[in-house]
Each structure stands twice: as C-alpha cells, then as structure tokens.
Amino acid sequence: MIIVLRSGSSQEDVDEVVSRLKRLGFGAHVSQGLERTIVGAIGDERGVNLEDKLGVLPAVEKVIPVLTPYKLTSREFREADTVVRVGTAEIGPGRLTIIAGPCAVESEKQIVSVARRLKDGGAQILRGGAFKPRTSPYAFQGMGKEGLQLLALAREESGLPFVTEALGIEELDLVAEYADMIQIGARNMQNFRLLEAVGRLRKPVILKRGMMSTVDEFLMSAEYVLAQGNYQVLLCERGIRTFEPSTRNTLDLSCVPLVKGRSHLPIAVDPSHGTGRADLVEAMSLAAVMAGADSLLIEVHPNPIEALSDGPQSLNPDQFLHLVQNLRSLVPLVGRTL
Ligand code: PEP
Ligand code: MN
C-alpha cells in the first residue's frame, strides 16, 4: 500500500503515519517528493485494512494499493525519475552518462592509460573488474585487491569515479572501501543475500539483468536493494540468452521503455556483453539511446587483442571516440546532453 499525504504536511504528520504503520507491524519507506510525501507500507497486508487504519488521519489524502509485486521500485511509489549520483557524475533524465573501461583491470599501465583517454573522450565513470565472474575456474579471475588499488590510482590520475563488481558478500566491504559504485553482475542478480547487503550500504549500485531473467524478476531484485533503504540503483540491460548463436546474448532493448514505464529507476544498456562483438557496439549504443537509455556501459581496452577477458567485444580508444562523436549529435534529439 502507498499512503499519500496531503501537500503541506508537516514532519509530525509523516512521523505519525510511520509510527502507526510500525505499530501495525509494517515497515515504512518515506519518499519526499517535490509536492507530496508518500509513505510505502511494506509487510503482510492480509487481515489488516490499512485504508481504514490510516485513511482517517487528517494528513492522509489517500491510501492506494500497489498492484505490482515490487513496491518501492514502482512508478506508483515514486513518480519522478530517480537520479543516481556517482562522485561528480549523475545518471538520470536530461543527460546521457557514459560508463566505460576494460572488462578487467590487468596492470597499472593498462588502467591508467585507458582512464585518461576515456576522460578526454567524454566518459563520466570508469569501469573495470578486479573480481571477475568467469565461466572457467582456470580463466583469469581478476587482480583482486591490487586491482582495486589500481582503480583508485586511475581515479586519481583521471578524475573519473569508478564502478567495479563485488562477486560475493565476503569481499563486499573491501570493494566498498575503494569503489564509488558497486556492480552486481548478471550471474548474481538473484543472489538475494548479496542484494540485501548492498542495500545496507550507502553506495550507488549498478544491477545487471540476469541472462535468464524476466523484466519483473529484474525489478524484484532491485526491490531487495531498495527495501534496505538504498534507492541509488542503476538498472542495466546486458542481453539475455536466446537461441540465436550469432551474438553472445540478445540485447533486449524493448526492456528499456518497458522498465521506464514500470519504475522510476534509471537504466543503462551494456551493448558489449549484449552482443559480444565490437563491430555491433556502436549501432546498439545508438539504438539504446533512442530507446531511452540513461546510460551506456561500454567495454574499452587499450589493445583489445591482448585483453585477458572479453577482448572480442571491447572497443579500442579510437573506436570509443568515434562512438562518442556520433552520440553527441544524437543525444539532443532525445532531450539529453552529453
Ligand atoms: C562485466 O561487466 O564485465 C560482466 C561480467 O558483466 P555481466 O555480469 O553482465 O556478464
Ligand atoms: Mn566483461
């Protein structure tokens, strides 16, 4: 249920609603809008008529049921688009935010040189994996803590904040100590304990869609993070598994306007994992922006042929510059700046 307070309600009015909900055994999530305050009631509604219990309060304008299984993530709960802040960068309406960098951190030279080129080229956030989820246990697993330290160095050298993946709860605190934003990868989209743990942190999160997950399952996973009080979640479409073998995944761009209708959270598109092919990244990036994406997540490596992971889908810095140039002429058409 969502409790909408009358405009001009005081803090005491909000506190009264919250304490009533708590007494009834519900969790209360307060969303302060420009015009109105909304309180989301989270809990088992069977046997309790919240409309009766709260609708009588003079400050309450209406009590409305949320029909979707996700509550805090829904547009009904928050009408305005959420803006996610990562250091100096913002992700949300009116702008296109580019997150770029190699699949994995491999050396100081690799990450620092590419970070500088990306900054000059127009990226706002650096990416790079220090802990890598690899299909084979014998493949390069990432540099671990040293990778985090190199990302911090690249941040210092370039001025770009960075996002990196936490593979499990065990390393979450370590990752959070260094990173400006935490990535929850596709394989972990339904690792519910990990989602709750990043929900308890006060750091922005990028949540990638599981490769076999529906849009509603994707939004339910975001709900785990929001339910812990962390609303700084950027969703990321990165392709789903289909029968088509020509691309690594099938990039589901229809998910972008679909998610925008159902949720206030911003959404990024990752055409690198979405296609697995560097030659398709530019076309799918442009298409993603036209579909309404707030952000792009692009793998860029100083020398893709030598990359220790995901080389075939990585752009080199020159290809990245070419892409940004084309994006710059496109974004005004969709009311965004870059
Ligand atoms: C990545 O971003 O490098 C990655 C492993 O992504 P995904 O979880 O989408 O496969
Ligand atoms: Mn990758």
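Everything numeric here is computed off the predicted structure, so don't read it as measured data.

Enquirer: Give me the site of ligand 1: which residues, what numbers.
Expert: If you check the shell around ligand 1, you find C103, R127, K132, P133, Q183, G185, A186, R187, K208, R238, H273 and E299 and nothing else. A distance of 2.9 Å is found between an oxygen atom of ligand 1 and a side-chain nitrogen or oxygen belonging to K132. Separating an oxygen atom of ligand 1 from a side-chain N or O atom of E299 is a distance of 3.4 Å. Summarising the interface, the protein chains cover 98% of the accessible area of ligand 1, which totals 300 Å² for the free molecule. Given that more than half its atoms are within 2 Å of the pocket grid, ligand 1 belongs to the second largest pocket. Each residue belonging to the shell around ligand 1 can be placed in one class, and the counts come to 3 nonpolar, 3 polar and 6 charged.

Enquirer: Outline the packing of aromatic side chains, supporting the account with residue identities and numerical values.
Expert: To describe a pair of aromatic rings, one takes the distance between the centres and the angle between the planes. A full pass over the atoms with the stated rule returns 2 aromatic pairs. A centroid spacing of 4.5 Å and a plane angle of 25 degrees characterise the contact between F192 and Y224, whose relative ring orientation is stacked. Highlighted residues: F192 in helix α6 (residues 192–200) and Y224 in helix α7 (residues 215–226), separated in sequence by 32 residues. According to the relative accessible area criterion, F192 is partly exposed, its value standing at 30%. A residue is classified by how much of its surface remains accessible, and Y224, at 29% relative accessible area, is partly exposed.

Enquirer: Please set out the coordination of the manganese ion (ligand 2) residue by residue, giving values where relevant.
Expert: Distances from the manganese ion (ligand 2) to its protein donors, C103 (SG), H273 (NE2), E299 (OE) and D310 (OD), fall at 2.0 to 2.4 Å. Each donor residue of the manganese ion (ligand 2) lies on the same chain, and together they follow the pattern C-x169-H-x25-E-x10-D. Of this pair, C103 sits in the loop between β7 (97–101) and α3 (108–121) while H273 sits in helix α9 (residues 271–275); the two residues are 170 residues apart in sequence, bridging distant segments of the chain.

Enquirer: Can you break down the layout of surface pockets residue by residue, with the values?
Expert: Its boundaries defined by the atoms lining it, the largest pocket holds a volume of some 400 Å³. Together, 19 residues line the largest pocket, and G33, I38, R78, E79 and A80 are the ones closest to its centre. At the level of elements, β1 (2–5), β2 (27–32) and β4 (60–64) are the ones that each hand at least two residues to the lining of the largest pocket. When its residues are assigned to classes, the lining of the largest pocket shows 7 nonpolar, 4 polar and 8 charged. Each pocket or cavity is described by its volume, and for the second largest pocket that value is around 300 Å³. What lines the second largest pocket is a set of 24 residues, and nearest its centre among them are K132, P133, R187, H273 and D310. In terms of residues, the lining of the second largest pocket owes the most to one element, strand β9 (residues 162–165), which gives 3 residues. Looking at the lining of the second largest pocket residue by residue, the class counts come to 5 nonpolar, 9 polar and 10 charged.

Enquirer: How would you explain helix α10 (residues 278–291) if you had to name every residue and give the values?
Expert: For α10, built from 14 residues, the straight-helix expectation of 20 Å at 1.5 Å per residue is met to within 8% by its first-to-last C-alpha distance of 20 Å. Of all the positions in α10, only A278, V281, S285, A288 and V289 are classed as buried. Note on α10: the residue one or two positions beyond its end, G292, has a positive phi of about 115 degrees.

Enquirer: So what about the side chain of S314? Which residues, and what values?
Expert: Tracing the chain through its elements places S314 in the loop between β14 (295–299) and α11 (317–330). Among the polar contacts listed, one links the side chain of S314 to the backbone oxygen of D310, at a separation of 2.7 Å. Apart from the residues within four sequence positions on either side, S314 is in contact with A278, E299, H301, P304 and Q319.

Enquirer: Give a description of the domain arrangement of the protein that names residues and reports values.
Expert: Under the domain assignment used here, the protein contains domain 1 (2–64) and domain 2 (84–334). Averaged C-alpha coordinates put domain 1 and domain 2 at centres separated by 36 Å.

Enquirer: Tell me what's going on with the environment of K208, and back it up with residues and numbers.
Expert: Along the chain, K208 falls in strand β11 (residues 205–208). Residue K208 is classed as buried on the basis of its relative accessible area of 3%. The sequence separation of K208 and Q313 amounts to 105 residues, and the corresponding C-alpha distance is 17 Å. If we ignore the near neighbours within four places in the chain, the residues touching K208 are Q183, I184, G185, A186, M189, F218, C236, R238, D270, H273 and L297. A polar atom in the side chain of K208 sits 2.7 Å from the side chain of D270.

Analysis parameters
- Residues numbered from 1 in each chain as written.
- Chains lettered and ligands numbered in written order.
- Predicted model: local features only at pLDDT ≥ 70, side-chain atom pairs only at ≥ 80, totals over all residues.
- Heavy atoms only, no water.
- Near = heavy atom within 4 Å.
- Polar contact = N/O pair within 3.5 Å; in protein donor to acceptor, adjacent residues only side chain to side chain.
- Areas by Shrake-Rupley, 256 points an atom, 1.4 Å probe, with all protein chains shown as cover.
- 1 Å grid on protein atoms, 1.4 Å probe; cavity = no way out; pocket = protein on both sides within 12 Å on 5 of 7 lines; lining within 4 Å.
- Sits in = over half its atoms within 2 Å of the grid points.
- Nonpolar A, V, L, I, M, F, W, Y, C, P; charged D, E, K, R; others polar.
- Phe/Tyr/Trp six-rings, centres within 6.5 Å; stacked < 30°, edge-to-face > 60°.
- Helix = DSSP H or I, 4+ residues; strand = E, 2+ residues; numbered from the N terminus.
- Buried < 20%, exposed > 50% of the residue type's maximum accessible area, 1.4 Å probe, protein only.
- Donors = N, O, S within 2.8 Å, 3.2 Å for Na, K, Ca; no water.
- Points joined across faces, edges and corners; volume = space filled by probe spheres on them.
- Expected span 1.5 Å × (residues − 1).
- Contact = heavy atoms within 4.5 Å.
- Domains from an automatic or database assignment.

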